[in-house]
Structure formats: structure tokens, C-alpha cells
Amino acid sequence: MTTDISSSRGFEALGLHPSIVAAATALGYEEPTPIQAASIPVLLEGRDVLGQAATGTGKTAAFALPLLHRIAASREGERRVRAFVLVPTRELAMQVAEAVHKYGRELHASVLPIYGGQSMQQQLRALRRGVDVVVATPGRALDHLNRGTLDLSGVEYLVLDEADEMLDMGFAEDLEALAAALPTERQTALFSATLSPRIKALTKKYLREPVNVQIAAEAPAAGKAARVREVAYVVQRPYKAAALARLLDMEDPTSAIVFCRTRTEVDELTETLGARGYQAEALHGGLSQEQRDRVLRRFRENTSEILVATDVAARGLDIEHVSHVFNYDVPSSIDAYVHRVGRTGRAGREGAALTLAEPREQRLLQNIERVAKRKIRMESIPTLTDLRERRLAMTRTAVEDALREGEPGKYRTLVEALATEHDLVEIAAAAIKLAEQGRADGEREEVEIPTARIAPAAPKHERDRKAPRARGGGDGDVAKIYIGLGRSAGIRPADLVGAIANEGGISSNAIGAIDIADRFSLVEVPAADANRIIAALRNTMVRGKPLRPRRDRM
Ligand code: AMP
């Protein structure tokens, strides 16, 4: 059986426990994504699901909300592992555990991530205390199983997340061993970006009469061929706001809509943009009719130039045309992409649709490109040099316009006076310099945005541990350094760049992707420098705490 995805009902209508609905609302989710609308009711019925969904579609909540619903529906005295989620990587284990924790906060559901590289003692203590949900990488889960420290005999709900990646990473045997320790009476959900024959075989082995849920493979009806320039940029999450600002400066849109996934993100981004000096207004489902009308009026009258909106809020918006659509996130469905982009390039006019994609969302983007039959060009975020060149070009146009308009006499007198002592070209250059400075003064904080790796066009499974990343700056092998401090210690990318560049003695351009998780961070550096940097960082404190650096193993 295949379920069609068309519903846009709210979370309440899906039949979820009120506290779970409340958690989704508190996170700023306005409606279920298509994969959620299709999977959640089926999972709540107790059926197995085979879901085809890439990162960015909202698949984590698609399996996590029903899992929590089950825990909420029948609370038991003693804690045992009732839900077991397997994921391919340590990063994903952390992410999924964090998501489950957020969605289940009000239920007091306890969740434990288990992955290699983390202290075994810590995991043992937590397991002994009892947890409801374990999110694990297969290798480490098997370690625990073999030592008798992980009891899977009470598992009611199994999730295989990113199953294709797990197979690619050679976890098939581990999965088998783990499955043997699980009760046969259980519910299983398997999510995979691809449905290869190997995935189908896996499904046959572990799922029972699963319902297939996939994002509709039909392209939404294409409108008139619009002249829209579609470009995507791969950016690490911490640099997204800076990247958007850079694009806004480069593109200088006359009117733009920036789309975000959640209310929370709309509010935060509007504030960030405001602080950077842009005229941005938020539009989301949390506004009263009056507020909404006011925001729209200001946008139409051009008092504000940027509208930051959720998909829901922008639906049915009677704004005829905008020069630019920015996707702050890759939209969670093809439909949403087509609708968003349809806001520009109307009535044969030119438009631009620019998308920021996190490295993990590239596959979703490729899907959209393929299914919606779009050509989305991958580009690097313009550098500071590009921006300066662009500003010079803008100044040049402004000067040419002023010349065309004819120069007012009072300036002429001033120039003639100056010309008695200085060369005319020198005078003009000095005037342009002043004009440029005036422009730059109004500009915001400018940071270098690291180039993220752009994946090859053909979807390919590769993992960092298999393929060293090629970096923008210089090619060659890249190593990851694990730093024992993360967001909860107040660490920001700039702290790490500063420490590594200063103590490690390498140029900040040579530093690659930086991932900051709650309790640790990962930084890519040239492999040849890794040991030296680690040695130097051993004695370095950031925000009063030691960095505890080591090579990342996974
Ligand atoms: P995932 O595909 O599970 O990695 O989710 C991608 C992102 O979408 C995450 O940042 C989620 O917080 C967000 N997300 C998940 N469900 C929704 C929803 N219904 N509305 C808005 N954002 C969502």
C-alpha cells in the first residue's frame, strides 16, 4: 500500500497526545511536513512503515512523535528501553536524541544517545538508571549488548534511520545481531533516502506488511516558464545568517521574501536581520489578523524590503511579485519549493530564488531539482572580495547615473577650486573613496564564511571517514579534530577559529567546516597540521575552560 501525501492538517488532527502537539507548537512548527502527515497516522495505528525521505523533510519528527505518543499512552512504573533508534553516525545519534528530548520534554521521556567515542561509564550509569528511548550507532549498541549492559528485550518500537547509510557503512551484520536481540512482536519504521534493492531486502527481513510512504514523485503542475535564476549555496548552520546577509548585500533586492521552516526561526531571523540593519518584518501563523495586515501593508508600500515568512503564513498572500525569494532552509517538500519560488518571476519578469542548504540537505535539494525538473545551480557564497567588487560596481553605476543627470553647479565650483591644487583624477578618486566609506560604514559585521563541500550531483553515499573532504582553500587530506566543549559552554565558531589560528599557527582560511554540538565541537583542519594543532590546543583555554582536543575517530 502506498499513501499519497497531500494533507496539510495540523498536528492535532493526526491524533497525537496533547503534550506532543504542544511541544511541536512550542518549537514553532505550523503544520506537519508531508512525510509527517503521511507517516504519523500510520505509525499511530501500530503499523510498520517504510519511509523514503531524506534529511530536511522532517523525518525525525515523523518517527519520533509516534514513538513518544506510545510512551505517553502507557506509562509504566519501571523504566526500560521501549524505543530503540539506530542511526549511522555519532552526529546523527546526538541530533536525533536531542530532537526526541525536545519533543518529549513535557512527558519527561528519558532518551540516551549511545555512540562510539563517548565514555562508556557515562552510558552505563544512564542505562542502569533506566531510559525510555535509546538512540544508537550500531557498533556501540552491539558492544553494550554483548557486555550485557543493554537490554533490548522490552523494545516495542524500532527505528532504522538513514538505513541506506547504515548499509553503506558496513553495518548490515551489526543490524542482524541487534535485531536478533529484539522481540519479534514490535513495531518497526525504516527510513531511507533511497529504496535500493538492498533496502528492500532489509525491509523484507525486519518489517511486517509495511506501509510505503514516499514523497510524491509527481512534479507539481509547472506554470509558464518563468525567468527565474535558481541558485543554491551549501552553508554550515552557524554561518547561515551571515551568508544570507552577504547575499542580500550582493543582490540588493527591491523586495524579497525569506522563507523559514518554523515560527521560531522566522522571529529569530527577523531580529538578526534587524540588528544588522535590514528592514525586515516577520510573517507567521502566530500573528493576529491586524498584525498580519500591518506587516503586509508595510511590505507593499516598500517601507520594509524583506518579509521573513513561514510557508503557511505566505500561502494565499496576494503579493504580486517579489524580486527575490530566499530559502533560508531547503523546503521540506518539492511542493513547498515550487510554491515558494513561484513568488518571483511572475508575469514574465525576472526573478531570483536563492537557497541556503546545509551540507546534509544536499540530497533533498537534488531530489527537488530532479523531480520538479528545475535547474538549480550550485554556487559558493560570495566572498568579501566579491562583495567589495560589487560595491565598487554599484558606486560606479551611481556615479554614472549622477553624471547622466547632470551635475549641480555648487559641486562644480568646489571641484574647480580643488583642481587649482590637485589633479582632477585624484580628486575624483578621493570623492569615490569617501562615497565608498559611507556605504561601508552602514554595512554590518563582515565575517569570512567557510566554503562547505558541495556534493557531487549524482547522489552518492559517502561518509567523512571514507572520503576525505576536498576543501575550498587547498585540496589535500582533511582531518577532524574533536573539541570537548560545545554550545553549552558558550563556544562559537569564531572562538575555535581564533584558538586554532593563533595557537596552531595556521591561517584561518585553512580551517574547514566547524560543527558545534551541545557538548562538543568538530573542526576540520588540514590533516598534515592536525597533530601539531592538537598539541598546541592542549594548553589552550577558551571561555575559561580547557579545549580537550583529540582526533575525531568517526
Ligand atoms: P529532519 O528532516 O528530521 O532532519 O528535520 C529537518 C528540520 O525540519 C529540523 O530542523 C526540524 O526541526 C524541522 N522540522 C521538522 N518538522 C517540522 C515541521 N512540521 N514544521 C517546521 N519544521 C519542521
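Since we're looking at a predicted model, the values are computed, not measured.

Enquirer: Would you mind showing me how to read the overall build of the protein chain here?
Expert: Each helix and strand counted, the protein chain has 20 helices and 21 strands in total. Per-residue burial over the protein chain gives 51% buried out of 554 residues. Contacts spanning at least 24 positions in sequence make up 77% of the contacts within the protein chain whose residues lie at least 6 apart. Carbon and sulfur atoms provide 50% of the accessible area of the protein chain, an area that totals close to 26000 Å².

Enquirer: Would you mind going over the pairing of strand β9 (residues 227-234) with me for this structure?
Expert: Counting buried positions along β9 yields six of eight residues, so the element is predominantly enclosed. Where β9 meets strand β14 (residues 350-357), eight bridges bridge the pair, whose relative direction is parallel. What sits directly across from V234, in β14, is A357. Alignment of β9 against strand β15 (residues 377-379), held across three bridges, turns out to be parallel.

Enquirer: Would you mind showing me how to read helix α9 (residues 197-206) here?
Expert: Given 3.6 residues per helical turn, the α-helix brings residues three or four places apart onto the same face. Those residues of α9 that fall on the buried side of the exposure criterion are I199, L202, T203 and Y206. Each buried residue of α9 lies within a common arc of 105° when the element is viewed along its axis, so the set occupies one face. Turned more than 90 degrees away from the buried face of α9, the exposed residues are P197, K200, K204 and K205. Lining the buried residues of α9 we find β2 (49-52), β6 (157-160), α7 (163-168), α8 (172-180) and β7 (187-192).

Enquirer: Any chance you could explain the pattern of salt bridges here in plain terms?
Expert: Should the charged atoms of two oppositely charged side chains come close, the side chains can pair. Tallying each qualifying case throughout the model produces 32 salt bridges. A salt bridge links D143 to R140, with the shortest nitrogen-to-oxygen separation between them at 3.8 Å. Linking D143 with R140, this pair stays in helix α6 (residues 138-147), spanning three residues, or about one helical turn. Using a relative accessible area of 13% as the deciding quantity, one classes R140 as buried. As a salt-bridge pair, R227 and E350 come within 3.5 Å of each other at their nearest N and O atoms.

Enquirer: Could you clarify how one ought to interpret the packing of aromatic side chains in this entry?
Expert: Given two aromatic rings, their pairing is described by the distance between the two centres and the angle made by the two planes. Tallied over the full model, the rule gives four aromatic pairs. Aromatic side chains F11 and Y29 sit 6.3 Å apart centroid to centroid with 35° between the ring planes, which places their arrangement in the tilted category. You can see F11 sitting in the loop between β1 (2-3) and α1 (18-26) and its partner Y29 sitting in the loop between α1 and α2 (34-44), a full 18 residues away along the chain. Judged by relative accessible area, which is 5%, F11 ranks as buried. Under the relative-accessibility criterion, Y29 is labelled partly exposed at 22%. With centroids separated by 6.2 Å and ring planes inclined at 65°, the aromatic side chains of Y29 and Y103 adopt a geometry described as edge-to-face. Of the two residues, Y29 sits in the loop between α1 and α2 while Y103 sits in helix α4 (residues 90-103), which places them 74 residues apart along the sequence. Counting every residue linked through ring pairs, the aromatic cluster contains F11, Y29 and Y103. In this structure, R90 is placed above the aromatic ring of F520, and the distance from its NZ or CZ to the ring centre is 5.7 Å. The ring centre of Y482 lies 3.9 Å from the NZ or CZ of R550, which sits over that ring.

Enquirer: I tried to follow the sheet that holds strand β21 (residues 549-551) on my own but got confused; where do I start?
Expert: The pairing of strands in a sheet comes from backbone hydrogen bonds and takes either a parallel or an antiparallel form. Taken in spatial order, the four strands line up as β17-β18-β16-β21 in an open sheet, and their pairing is antiparallel. Each of the sheet's edge strands pairs with one partner strand only, and the pair in question is β17 (514-516) and β21. In this sheet, adjacent strand axes meet at a mean angle of 25° when their direction is disregarded. As paired elements, β17 and strand β18 (residues 521-526) share three bridges and run antiparallel to each other. Of the residues in β18, the one forming a bridge with D515 is L522.

Enquirer: How should the environment of G345 be read in this particular structure?
Expert: The topology assignment puts G345 in the loop between α14 (334-341) and β14. The class of G345 is buried, set by a relative accessible area of 6%. Along the backbone, G345 and R227 are 118 residues apart, and their C-alpha atoms lie at a distance of 5.6 Å.

Enquirer: Is there a simple way to explain the pairing of strand β10 (residues 256-260) in this structure?
Expert: Remember that side chains alternate between the two faces of the sheet whenever the strand is regular. Counted residue by residue, β10 has five buried out of five residues, so it is predominantly covered. Side-chain alternation along β10 places A256, V258 and C260 on one buried face and I257 and F259 on a second face that is also buried. In this structure, β10 lies alongside strand β13 (residues 324-327), joined through four bridges in parallel fashion. Residue pairing in the sheet places F259 in a bridge with N327 of β13.

Reading the values: the criteria
Residues numbered from 1 in each chain as written. Predicted model: local features only at pLDDT ≥ 70, side-chain atom pairs only at ≥ 80, totals over all residues. Heavy atoms only, no water. Helix = DSSP H or I, 4+ residues; strand = E, 2+ residues; numbered from the N terminus. Buried < 20%, exposed > 50% of the residue type's maximum accessible area, 1.4 Å probe, protein only. Contact = heavy atoms within 4.5 Å. Areas by Shrake-Rupley, 256 points an atom, 1.4 Å probe, with all protein chains shown as cover. Pairing = 2+ DSSP bridges. Arc of directions from axis to C-beta. Salt bridge = Lys/Arg side-chain N within 4 Å of Asp/Glu carboxyl O. Phe/Tyr/Trp six-rings, centres within 6.5 Å; stacked < 30°, edge-to-face > 60°. Lys NZ or Arg CZ within 6 Å of the ring centre and 35° of its normal. Axes fitted to C-alpha atoms, helices over the stretch in contact; angles between N-to-C directions.

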